[in-house]
Amino acid sequence: EELFHDANLAWLIADLNQQSIKETWEGNKRVIELRTRQQLELPVWQDIVEFYQSRPANSSPESLVTVVTNTRLDQELIDSTLGAVIGCAIPQSLLHKPT
């Protein structure tokens, strides 16, 4: 949405990346699961034109939910990087203890 200034294109981006994302339906909501730092294929102009010509009726931004999952390592890296900035302690699992 930030790149294209069009929330409707989330459906197109999800369609373009069906092979690399997890998708489920909860009622009439399309739920897309992404991983942190996951690379996504983005649409080109022709993709956007074709999407708007054949856009499904239920493809509104309100019926698409995006969930971004992260691993424990991702969270620890975020914590250690931002910890110093916001005054949090570094997680013990990242500290090297000499034996």
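All residue numbers here refer to positions counted from 1 along the written sequence of the relevant chain. Reporting in this predicted model follows two pLDDT cut-offs: at least 70 for local features of residues, and 80 or more for side-chain atom pairs to be given and counted; totals over whole chains, interfaces and linings ignore these cut-offs and use all residues. With hydrogens and water excluded, all non-hydrogen atoms of the structure serve as input to the side-chain values.

> In this structure, what is going on with the packing of aromatic side chains? I would like to understand it.
Between the rings of Phe, Tyr and Trp (Trp by its six-membered ring), a pair exists once the centres lie within 6.5 Å; its type follows the angle of the planes, with under 30 degrees stacked, over 60 edge-to-face, and the other angles tilted. Following the criterion strictly, the structure yields two aromatic pairs and no others. Taking 6.0 Å as the distance between ring centres and 55° as the angle between the ring planes, the aromatic pair formed by Trp11 and Trp25 counts as tilted. Here the residue Trp11 occupies a position in helix H1 (residues 9-16), and Trp25 occupies one in strand E1 (residues 22-26), the gap between them amounting to 14 residues. With centroids separated by 5.4 Å and ring planes inclined at 70°, the aromatic side chains of Phe51 and Tyr52 adopt a geometry described as edge-to-face. Throughout this description, buried means an accessible area under 20% of the type-specific maximum (1.4 Å probe, protein chains only), exposed means over 50%, and partly exposed covers the range between. Owing to a relative accessible area of 35%, Tyr52 belongs among the partly exposed residues under this scheme. Secondary structure elements follow DSSP: runs of H or I of four or more residues count as helices, runs of E of two or more count as strands, with numbering from the N terminus.

> What is the right way to read the nonpolar core from this model?
For soluble globular proteins, nonpolar side chains are generally found buried alongside one another. Residue types Ala, Val, Leu, Ile, Met, Phe, Trp, Tyr and Cys, when buried and joined through side-chain atoms within 4.5 Å, form a set referred to as a nonpolar core. Counting 10 residues, the largest nonpolar core is built from Leu9, Trp11, Leu12, Ala14, Ile21, Ile32, Leu34, Ile48, Phe51 and Leu64. Counting residues per element, the ones that place at least two in this core are H1, strand E2 (29-35) and helix H2 (45-53). Here this core gets four residues from one element, more than from any other, and that element is H1. With near-sequence residues (within four places) excluded, Ala14 lies in contact with Ile21, Arg30 and Ile32. The contact definition used throughout considers only heavy atoms, calling two residues in contact when any of these lie within 4.5 Å.

> Please explain the environment of Pro43 as it appears in this structure.
Among the secondary structure elements, Pro43 is positioned in the loop between E2 and H2. For Pro43, a relative accessible area of 8% corresponds to the buried category. Note: C-alpha distance between Pro43 and Asp15 (28 residues apart in sequence) is 9.9 Å. Not counting chain neighbours up to four residues away, the residues in contact with Pro43 comprise Phe4, Leu12, Ile13, Leu16 and Ile48.

> What exactly am I supposed to notice about the side chain of Asn8 here?
Here Asn8 shows up in the segment before H1. Note on Asn8: relative accessible area 19%, which makes it buried. Once residues lying within four places of it in the same chain are set aside, the contact partners of Asn8 are Phe51, Tyr52, Arg55, Ser59 and Pro61.

> Quick question: what am I supposed to make of the environment of Pro56 here?
Along the chain, Pro56 falls in the loop between H2 and strand E3 (64-69). Looking at Pro56, the relative accessible area reads 37%, which means it is partly exposed.

> Help me understand the confidence of the model for the protein in this model?
Residues shown with low pLDDT carry predicted positions that ought not to be read at fine detail. The pLDDT value expresses, per residue, how confident the predictor is, ranging between 0 and 100. Per-residue confidence for the protein averages 83 on the pLDDT scale, and 75% of its residues sit at or above 70. Across the protein, the secondary-structure element scoring lowest on mean pLDDT is helix H3 (residues 72-86), at 67, and the one scoring highest is H2, at 96.

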